[in-house]
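The chain contents come next:
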Amino acid sequence: MMGRLNRKGLAHLRDAFESNIERGRIPGAITVVALGGHVEMFDTLGMQDHAAGKAMQADAIFRIYSMTKPLVSLASVMLMEDGVLQPVDPVSKWLPEFAGQKVAIEEGSSIVRYESVRREATVHDLLRHTAGLTYEFLGSSPVQKLYEAANVTDRSRTNREFSQMFAQLPLAHQPGSCWQYSRATDVLGAVVEAASGQALGAFMKERIFDPLGMKDTSFNVPHEQLHRMAEPFANDPDTGARVVMMDANETAAYESGGGGLFSTAADYIRFLQLMRNRGSLDGARLVSRKAVEWMTSDHLGGIPANGDLLPAGHGFGLGFAVRTASGLAPQPGSPGQYFWSGIGGTLFFVDPAEDLFAMMLTQAPNQRIYFRNLFRHLVYGALD
């Protein structure tokens, strides 16, 4: 039986965030909690732009970074249901530059040799982060240093130019050998372009954003909407270092499938409602019920996870982390819960067992992990 939300618990969530805002831990936030498909909490807290003295507005635009990944993953699954793309397709079928990739064998701080791949990475590997790729900010291995030297974050490249550059870099692991959070969804975005014949943003606008009414979600913020941007503190409250985030004033050629979208709470709620409804919303069906079930199931099985981004008791689906056990993890939740977050300070989770979804939006990169954990505990603490 579906539970209810405890008003005292929701007030406690609100008070905890307001207290942290007052203490200068984050500039402001929007918190959303929905039960049974009905939004029970939509709080605008603190400041949207601290430097400008502007209070948080309900229509604030956030850099959602890796919360882009589930949307791009959905785009690829839609192409599968169109009969265009298949999960077993080698990446090189759509992006020929990825043929014949080599794996860097590292010893200490050096690459000592290169090995041929035992099998090519597939679209399925891109979706579940088993393609042998990595992220430059996760460490300082030789391959990660090559990513940095290649300036993989350059937003002046098109997705095709990114793909052609990126394919020349060696893999960090054999495809299929481990889960490694990575730039795989950036490559997936280039696959979506090749398979659809459209720019990634144009395809997603036509097939996802417009049907769902996500009118403020895009890879570039229109100039006339820049006043709605949620901004971080100029300096990190813990270290004093300057806070650097994606520049909304820049018109980017690169539509990063892994982290390039800007969005609002209202828009992302539409996506979460779609997922909660298993693929349809207000008469628009984007994907089948079985596709949503498939995307939000664990696809790792016995494949080991590299690094600490997947807590114990979790696997990974197609664009989402997936909870596999009631216990083990240091956060509450139900088996079948799925979620992801953004490095700028954003988070969502969907718990089908409780018919619950929740989202936190802030712009505080270095405080993100603390507030992710706090938010999740407080949301579950509000369930009767």
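Below is a summary of the structure that appears in this document. (Residues numbered from 1 in each chain as written. Predicted model: local features only at pLDDT ≥ 70, side-chain atom pairs only at ≥ 80, totals over all residues. Heavy atoms only, no water.)

Regarding its fold elements, the chain presents eleven helices and 14 strands. The C-alpha radius of gyration of the chain comes to 20 Å, within 12% of the 21 Å expected for a compact globule of 384 residues. Once the C-alpha set of the chain is aligned to its principal axes, its extents read approximately 60 × 45 × 40 Å. Within the chain, the proportion of its 384 residues that are buried is 57%. Restricting the contact set of the chain to residue pairs at least 6 apart, pairs at least 24 apart contribute 68%. (Helix = DSSP H or I, 4+ residues; strand = E, 2+ residues; numbered from the N terminus. Rg over C-alpha atoms; globule rule 2.2 N^0.38 Å. Buried < 20%, exposed > 50% of the residue type's maximum accessible area, 1.4 Å probe, protein only. Contact = heavy atoms within 4.5 Å.)

Across the six residues of strand 13 (residues 346-351), six count as buried, placing the element largely inside the fold. Judged by which residues are buried, strand 13 turns out to be covered on both faces: Thr346, Phe348 and Val350 on one side and Leu347, Phe349 and Asp351 on the other are all buried. Note that strand 12 (residues 338-342) and strand 13 share five bridges and pair antiparallel. If you follow Phe339 over to strand 13, its bridge partner there is Phe349. The antiparallel hairpin formed by strand 12 and strand 13 contains three residues in its connecting segment, where Gly345 sits at a positive phi of about 120°. (Pairing = 2+ DSSP bridges.)

Now for the environment of Gly302. Note that Gly302 resides in the loop between helix 10 (289-295) and strand 10 (314-316). Taking the relative accessible area as the measure of exposure, Gly302 reaches 79% and is therefore exposed.

Attention shifts here to the nonpolar core. One finds Phe17, Phe166, Met204, Ile208, Phe271 and Met359 to be the most contacted residues of the largest nonpolar core, which totals 117 residues. Judged by nonpolar contacts, the second largest core, of ten residues, contains Tyr65, Val221, Met229 and Met245. (Core = buried A, V, L, I, M, F, W, Y, C linked by side-chain atoms within 4.5 Å.)

In the structure shown here, the tally under the stated rule is 21 salt bridges. Across the salt bridge formed by Arg14 and Asp43, the nearest N and O atoms sit 2.4 Å from each other. Within this pair, whereas Arg14 is found in helix 1 (residues 7-22), its partner Asp43 is found in strand 2 (residues 38-49), the two being separated by 29 residues in sequence. Exposure remark for Asp43: the relative accessible area of 12% places this residue in the buried category. Asp59 is the partner of Arg228 in a salt bridge, and the nearest nitrogen-oxygen pair spans 3.4 Å. Note that Arg228 is positioned in the loop between helix 8 (200-212) and strand 7 (262-263) and Asp59 in the loop between strand 3 (54-55) and strand 4 (62-63), a separation of 169 residues in sequence. One network of salt bridges, with partners in common, ties together Asp59, Lys215, Asp216 and Arg228. (Salt bridge = Lys/Arg side-chain N within 4 Å of Asp/Glu carboxyl O.)

So, about empty space enclosed by the protein. Across all of its chains, the model carries two cavities of 30 Å³ or more by this definition. Size it by volume and the largest cavity reaches roughly 40 Å³. In terms of lining residues, the largest cavity is bounded by Arg25, Pro27, Pro232, Phe233, Asn235, Asp236, Pro237, Val243, Gln363, Ala364, Pro365 and Gln367. Class assignment for the residues of the lining of the largest cavity results in seven nonpolar, three polar and two charged. Of the voids in this model, the second largest cavity is the one considered here, and its volume is about 30 Å³. (1 Å grid on protein atoms, 1.4 Å probe; cavity = no way out; pocket = protein on both sides within 12 Å on 5 of 7 lines; lining within 4 Å. Points joined across faces, edges and corners; volume = space filled by probe spheres on them. Nonpolar A, V, L, I, M, F, W, Y, C, P; charged D, E, K, R; others polar.)

For the rest of this paragraph, the subject is helix 2 (residues 68-81). With 14 residues, helix 2 should cover 20 Å at 1.5 Å per step; its first-to-last C-alpha distance of 20 Å lies within 8% of that length. Summarising burial for helix 2: 13 of the 14 residues are buried, a large majority. Gly83, located one to two residues past helix 2, shows a positive phi value of around 85°. (Expected span 1.5 Å × (residues − 1).)

Structural measurements only, silent on function.
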